[in-house]
Amino acid sequence: MLITLKNKLCEINNFINDKENVIYLDYPFHFNIGDSLIFHGTLDFFKENNIKPKLFQCTDNFSIEKIKNKIDSETTIFLHGGGNFGDLYNIHQNLREMVIENFPNNKIIMLPQSVYFQNPENLKKSLIIFKKHKNLILFARDSVSLEILSSFSDKSYLMPDMAHQLYQKLPTQVKKKDKTLYFIRKDKEQTSQQNDILDVLKAQHIDWDDLITASDLKRKKKISKKMKSQLLPFIDYDKNAYNMWVQQTEMIIKRVCEYYLEYDHIITSRLHSHILSSLLHIPSTIIDNNYQKNSLYYKQWTSNLSIHNLYQ
């Protein structure tokens, strides 16, 4: 089953004309390890399929003018996947809309996303922007997201998360520890259900930021300074800062895998804690987030894996 999910990602290749004339925008420059898994899954997908982006930009060094200097009308633009399509995380939605408005003639491929708008008016505003572009390929991580994205582009398709590309690239569970990890989100997507569960179980729990060290924060600050300097008009794009971030997030993923492998059951309200459990062959119980992203993904892609279940 896991290899099937990884292999399905190969279908994205069908939409790329020139694999050496692509750029990759909005990769995650923050300490959400789930996003780092998507990031490295995407990079591995590029590598395995001989796709060679000539420009990488995140929100810290995003510049329309510098993109224009690096591309032509035949360049394919990749937009990072994840769970931030909508109005919960405006910085990423605004970036996507700016790209779509400024590059009406380029093919734009948005990697798999979950979609959620709190405010219907925000959905309408975003829809107007997307509908003006005639060459959008949008991938959705679940059927509800696909239904919404189909109104944004008639070239919308179901696709599992890019982190599945890391299947067989990470270590796997080998020893039973009789330990359960409670990995529970603390942000705007948390629910009263997860809090009720914790109250009943009296369980200690952690989230992604608990696995980030002072050294990680210090290094990110240094990389951020380098990235922001690229916004100055007289400084050209420099891949050095990007490479430093790739190495940093790769090191963190390795550390998190080692941490997870100390447990033989994960109870989590983080989608990528659940996906990571799959990649590491650790059984998990997934609790829904506040707009059913987790349960929709589970029902779409991972419910057939016998080691997982949905908390009811």
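Everything here concerns the structure above.
Residues numbered from 1 in each chain as written. Predicted model: local features only at pLDDT ≥ 70, side-chain atom pairs only at ≥ 80, totals over all residues. Heavy atoms only, no water.

Engineer: What is the right way to read the pairing of strand β6 (residues 136-140) from this model?
Structural biologist: On a regular strand, one side chain projects to one face of the sheet and the next to the other, so that they alternate. Burial analysis of β6 places five of its five residues in the buried class, which makes it a mostly covered element. Where burial is concerned, the two faces of β6 agree: the one with Leu136, Leu138 and Ala140 and the one with Ile137 and Phe139 are both buried. Here strand β5 (residues 108-116) pairs with β6 via four bridges, running parallel. The residue bridging Met110 from the neighbouring strand is Leu138, located in β6. Crossover handedness for the path β5 to helix α5 (residues 120-131) to β6: right-handed. Bridge count for β6 against strand β7 (residues 156-158) is three bridges, and the pairing is parallel. In the strand pairing of β7, Phe139 is matched with Tyr157. (Buried < 20%, exposed > 50% of the residue type's maximum accessible area, 1.4 Å probe, protein only. Helix = DSSP H or I, 4+ residues; strand = E, 2+ residues; numbered from the N terminus. Pairing = 2+ DSSP bridges. Right-handed = clockwise from strand over helix to strand, strands pointing away.)

Engineer: In this structure, what is going on with the environment of Ala140? I would like to understand it.
Structural biologist: Along the chain, Ala140 turns up in strand β6. Relative accessible area serves as the criterion here: at 0%, Ala140 is assigned to the buried category. Counting along the chain gives 166 residues from Ala140 to Ser306, while the straight-line C-alpha distance between them is 24 Å. Excluding anything up to four places from it in sequence, Ala140 contacts Gln113, Ser145, Leu146, Leu149, Tyr157, Leu158 and Met159. (Contact = heavy atoms within 4.5 Å.)

Engineer: What exactly am I supposed to notice about α5 here?
Structural biologist: Two residues of an α-helix separated by three or four positions point the same way, owing to the 3.6 residues in each turn. Between its terminal C-alpha atoms α5 stretches 16 Å, which fits the 16 Å expected from twelve residues at 1.5 Å a residue. Looking at α5, one finds that the buried residues are Ser126, Ile129 and Phe130. Taken around the axis of α5, the buried residues stretch over an arc of 95°, which confines them to a single face. Opposite its buried face, α5 presents the exposed residues Pro120 and Ile128, each directed more than 90 degrees away. Looking at the buried residues of α5, the elements they touch are β4 (82-86), α4 (90-102), β6 and α6 (143-152). Taking the backbone nitrogen of Glu121 as reference, a side-chain oxygen 2.8 Å away marks Asn119 as the first, capping residue of α5. (Expected span 1.5 Å × (residues − 1). Arc of directions from axis to C-beta. Polar contact = N/O pair within 3.5 Å; in protein donor to acceptor, adjacent residues only side chain to side chain.)

Engineer: What should I look at first to understand the side chain of Thr42 in this one?
Structural biologist: Residue position: Thr42 is located in helix α2 (residues 33-48). The exposure class of Thr42 is buried, given its relative accessible area of 0%. Among residues more than four places away in sequence, those in contact with Thr42 are Tyr24, Leu111 and Met162.

Engineer: Even after reading the chapter, I still don't get empty space enclosed by the protein, so can you show me in this structure?
Structural biologist: A probe as big as a water molecule, rolled over the atoms, marks out the empty space that is left. If you walk through the whole model with that rule in mind, you get one cavity of 30 Å³ or more. Lining the largest cavity, in full, are Gly83, Asn84, Phe85, Gly86, Asp87, Leu88, Tyr89, Ser114, Tyr116 and Tyr291. Elements that contribute at least two residues to the lining of the largest cavity include exactly β4 and β5. In terms of residue count, the dominant contributor to the lining of the largest cavity is β4 (four residues). (1 Å grid on protein atoms, 1.4 Å probe; cavity = no way out; pocket = protein on both sides within 12 Å on 5 of 7 lines; lining within 4 Å. Points joined across faces, edges and corners; volume = space filled by probe spheres on them.)

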